[in-house]
Amino acid sequence: MKRFGAKAYYIKMLLWISVAILLIVVVLSAVVYINAQKLLVKNEYASNQKILYQVKYNMEFMDQTIASLCQSLYLNSDVAAVMYARQENMVEVANRLNKVTSSVTSANPYIHSLTIYNRNLDQTYNAGRPLFFEDQLLGELYDSDRLLPKMKPIFRNIQKLVNGKTEPEYVFSYMMYETSASDQKPDGVIVVNVRSEWLLDNIGEINMIDKRKGDNIFIMDQAGEYLDDGTGDREIMKWLKSDFSAYQAAHPEADSEGFFQRKHGGKPYLITYSNVDGAGMTLLKTQPVLEVYQSIDRLRTSILLITLIALLLAFVVSILISRTIYRPIGNLVNAVKQNRPGRAVEGEGEVGDEISYLNSVYRQSMEELNLFYKEKDQYKDVMKHYWLSRLLAERFSIPEPELASLFREMRISLPPSGAYTVCLMKIDNYKEFQQRFSAQDKETIRFALINIASEIVAGKYANEGIDMKEDHVLLIVSVPEEHAAWQDGLAALIAEAQDTFSRFFKVTFTASISGKAEALSGLHAQYTQAMDQSMYRLQLGHGSVITQERLRGCADNKKTGYSKELEDWLMETIKSGNVAAMRDVLSNLFEEMAALNYHNALVSILRLADAVIEGLDKAKVAAAPSLQKASIGRHILEKETMEEIERIVWSGLQDSFNKETSEETEALNYFVVDAVTEYVNRNYQDPSLSLSSIASMMKISSRSLSKIYKEATQLSIADLINGVRLTKAAELLIQEDLSVYEIVQKVGITNETYFFSLFKKKYKMTPKEYALQRNANQIN
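No experiment lies behind these values; they were computed from the predicted model shown.

Asker: Please set out the overall build of the protein chain residue by residue, giving values where relevant.
Answerer: Helix and strand counts for the protein chain come out as 28 helices and 16 strands. Counting every position in the protein chain, which comprises 780 residues, the buried fraction comes to 45%. Residue pairs at least 24 apart in sequence account for 66% of intrachain contacts in the protein chain once pairs closer than 6 positions are excluded. Accessible surface, the protein chain as shown: approximately 41700 Å² in total, 54% of it carbon and sulfur.

Now the structure itself:
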């Protein structure tokens, strides 16, 4: 706690709240400043447009007035007489021009002069002010291929002679003429020259007023040339012309009025423009942006001052808010520190603030609490396993009240009184199981086996599971005394557990259900009985559910071995080398041994192995490696079922009589056959199980696998699959109260009609008839 200092979280909280308020104030100030800037530029643009509108109005007024004057003069009889005369009469021309000039100049003082051209006489007449030159406009009109615009102002310098010197004189010239369809050149033209002083002086006055601000107004004609009186700043005019042309090229869709910003000499300018459509001219106004932003600078200073004041207030508010929020956290930290005297927090040196400290304390406390509960649960699990093991291993008597208290304390779900049975579940192919899984995996699988079986059985019977740490686990099951068919019901539940367990873990187990003990003291005997019954897995096969009823025939069988006649027959087939007959004899021998008592069956198997070896010796046939005296006993005792032993003996006989097969091929075929048989027994419920799927799993071609299995067993893999499925179906018909459709689904057959056909072919009766017959035999 010392590492992060006093109130580190409080300081963080204060900083974060202050930063949050700072960001809000700064963002709001920036928004106000930007919006004010945009509004000011917009207002400045509106002000500039008002100035340009005034000039634009004057130009449009002049344009409309002069255009009307041109039309009236062109239609005037005196002008027409001069313009279209065929013979020149100077007296008449003078009188008519004086008459026209006096009427025009008196009404329009801004008229500079008039020029009338008579094409018939190729004569130019000037009125108002004399022009001592040939009018260039007329020369351009008649000498060029194009026609000049009519009644459109053309700004030009007509020059005048003063005291022998030529001085500039600027006018706006308007032309009026008519052309015929046959001749594109007019017969007569009238040119009205208007003084430019009134417009240029007007603009000059505006420029003089705005010069202190750095503003300028310029007029540009259709050709992009300035209407210049020679007093403008040439450098700015050149820059403005270039940048305005570039702006027009970049914004062809721009309106006739607008504004944009450009820099000249490193100084930004606001350029406002407006088009005078009637006169075909453009008004431009330049204004330094710094002048526009002077008000913005004052506003920025005000905003900064307000922002600083807001920040000071925000800091004060942050302190008040942080103290209020931090108070309960600080009290909690102090309380935790006081209640943990002398106890260091794990990683305390790396703790950054109070919340991290509290998190560390909480995490450490939870770890300690979980450890406590874990130790407590482990203790109870150990004690629970101890007492359940004592129930099985000893015969002790405890008064029922004490036993009930013990069961409650140990969380044993069994009732302290009543009838009980032991269900022993032995893992199949245990040697392979030991090699296939690690110690931790084996522990997990046994734990899962107990839990799956216990949970399924618990739906009907109270039970407790015990891991015996070997090849089997146990369930102690409470059996209701009034339930007469408890063994069948329990067997059905165990079969369901077998199905579920094998589906998830790909491991099978054989179950052995003992008889009923009327008290807990009888569990030891029932455990012994279940162990004895489990040995009958040899005859009944993997995945079977062994009960007293099912073993009644074997246990009561008084025979001590198979018949001598079958053994003699086998010797004859070995002597004659009739392999096909050997197969039939072996099947009959193992069928007889399967009906014997376990011990007699085991002795008979060893006797049969000796007889086979003796028969091969008499027939002078070299025994295959699997039938050698040094290995036959080990091979047989390693196997858990007669089916596997029969396959060893049969395979050995085949290999012994097959001289073309090497020892490596014999061993390989043996293991291939063994693996296929085991795989089918494990996965018979899979509807997709077939020769091709097994061959794909074993990385061997379907043809080779089929040949190996057929030669070894005289069975096709399809026959093996159907045989296993039908055997399991027959067991389900007796052990479980299931419909035929449900059984068909459980054994992996998808076609119910096909199942009926296979079942009747093997058992010579329908599934229903088979179930009724077997149940009747058990009752008898």
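This is not the end of the story, as more comes after the structure.
Asker: Which residues make up the sheet that holds strand β12 (residues 419-427), and what are the values?
Answerer: Spatial ordering of the open sheet is given by β13-β14-β12-β15-β16, a layout of five strands whose pairing is mixed. The open sheet has two edge strands, β13 (463-467) and β16 (545-546), and neither has a second partner. As paired elements, strand β15 (residues 509-513) and β16 share two bridges and run parallel to each other. Note on β16: the bridge partner recorded for A511 is V545. Packed on one face of the sheet, helix α14 (residues 523-534) meets β12, β14 (472-479), β15 and β16 and runs near 35 degrees to β12.

Asker: Describe in detail a nonpolar patch on the surface, supporting the description with residues and values.
Answerer: Judged by side-chain polarity, L305, I309 and L313 come together as a nonpolar surface patch covering roughly 300 Å² of accessible area. Here L313 lies in helix α8 (residues 294-339). Classification of L313 by relative accessible area gives exposed; the value is 54%.

Asker: Got a sec to walk through the pattern of salt bridges? Specific residues and values, please.
Answerer: Within the structure shown, the criterion is met by 23 salt bridges. A salt bridge links D499 to K746, with the nearest nitrogen and oxygen atoms 3.9 Å apart. Separated by 247 residues along the polypeptide, D499 in helix α13 (residues 486-505) and K746 in helix α26 (residues 740-746) bring together distant segments of the chain. According to the relative accessible area criterion, D499 is buried, its value standing at 13%. We note a salt bridge from E678 to R682, for which the minimum N-O separation is 2.8 Å. Here R682 and E678 lie together in helix α22 (residues 663-683), a separation of four residues that amounts to about one turn. Considered together, E678 and R682 belong to a single accessibility category, that of buried residues. Here the salt bridges share partners, and the residues they tie into one network are D78, E92, R96 and K99.

Asker: Break down empty space enclosed by the protein for me, with residues and values.
Answerer: Taken as a whole, this structure holds one cavity of 30 Å³ or more when the rule is applied. Space inside the largest cavity adds up to approximately 60 Å³. What lines the largest cavity is simply D428, N429, E432, F433, R436, F437, K506, V507, T508 and R682. Sorting elements by how many residues they give to the lining of the largest cavity places helix α11 (residues 430-436) first, with three residues. Grouping the amino acids of the lining of the largest cavity by side-chain chemistry returns three nonpolar, two polar and five charged.

Asker: Please provide a residue-by-residue account of the packing of helix α18 (residues 579-594) against helix α21 (residues 642-657), values included.
Answerer: Where α18 meets α21, the closest approach of the two axes is 11 Å, and the angle between their N-to-C directions is 160 degrees. By the angle between their axes, α18 is roughly antiparallel relative to α21. Of the two elements, α18 crosses α21, and the hand of that crossing is right-handed. Every residue of α21 that contacts α18 at V579, M582, R583, L586, S587, F590, M593 and A594 is listed here: M642, I645, E646, V649, W650, L653, Q654 and F657. Looking at the contact of α18 with α21 residue by residue, the class counts come to 12 nonpolar, two polar and two charged.

Asker: Would you mind going over the pairing of strand β8 (residues 216-220) in detail, with residue names and values included?
Answerer: Among the five residues of β8, five are classified as buried, and the element is accordingly described as predominantly covered. Residues N216, F218 and M220 point to one face of β8 and I217 and I219 to the other, with burial holding for every one of them.

Asker: So what's going on with unusual backbone geometry? Which residues, and what values?
Answerer: Here K506, not a glycine, exhibits a phi torsion of approximately 55 degrees, which is positive. Looking at where K506 falls in the secondary structure, it is placed in the loop between α13 and β15. We note that Q714 has phi near 60 degrees; this positive angle belongs to a residue other than glycine. By secondary structure assignment, the location of Q714 is in the loop between α24 (702-713) and α25 (717-735). Given the relative accessible area of 42%, Q714 is considered partly exposed.

Asker: Which residues make up the sheet that holds strand β1 (residues 111-118), and what values go with them?
Answerer: Read across the open sheet, the five strands follow the order β2-β1-β7-β6-β3; overall the sheet is antiparallel. What marks the edges here is a single partner per strand, and that holds for β2 (123-127) and β3 (154-157). Geometrically, the sheet is characterised by an average inter-axis angle of 25 degrees between neighbouring strands, direction not taken into account. Taken together, the five bridges between β1 and β2 define a ladder with antiparallel strand orientation. Within β2, the residue paired with Y117 across the bridge is T124. The strands touched by helix α3 (residues 90-107) are β1 and β2; relative to β2, the strand with the most contacts, the crossing angle is about 40 degrees.

Cut-offs and rules
- Residues numbered from 1 in each chain as written.
- Predicted model: local features only at pLDDT ≥ 70, side-chain atom pairs only at ≥ 80, totals over all residues.
- Heavy atoms only, no water.
- Helix = DSSP H or I, 4+ residues; strand = E, 2+ residues; numbered from the N terminus.
- Buried < 20%, exposed > 50% of the residue type's maximum accessible area, 1.4 Å probe, protein only.
- Contact = heavy atoms within 4.5 Å.
- Areas by Shrake-Rupley, 256 points an atom, 1.4 Å probe, with all protein chains shown as cover.
- Pairing = 2+ DSSP bridges.
- Axes fitted to C-alpha atoms, helices over the stretch in contact; angles between N-to-C directions.
- Patch = residues over 30% accessible without salt bridge, like charges linked within 9 Å, V, L, I, M, F, W, Y side chains within 5 Å.
- Salt bridge = Lys/Arg side-chain N within 4 Å of Asp/Glu carboxyl O.
- 1 Å grid on protein atoms, 1.4 Å probe; cavity = no way out; pocket = protein on both sides within 12 Å on 5 of 7 lines; lining within 4 Å.
- Points joined across faces, edges and corners; volume = space filled by probe spheres on them.
- Nonpolar A, V, L, I, M, F, W, Y, C, P; charged D, E, K, R; others polar.
- Parallel < 35°, antiparallel > 145°, perpendicular 65-115°, else oblique.
- Left-handed = near helix turned anticlockwise from the far one by under 90°.

Don't take any of this as a statement about function, it's just geometry.
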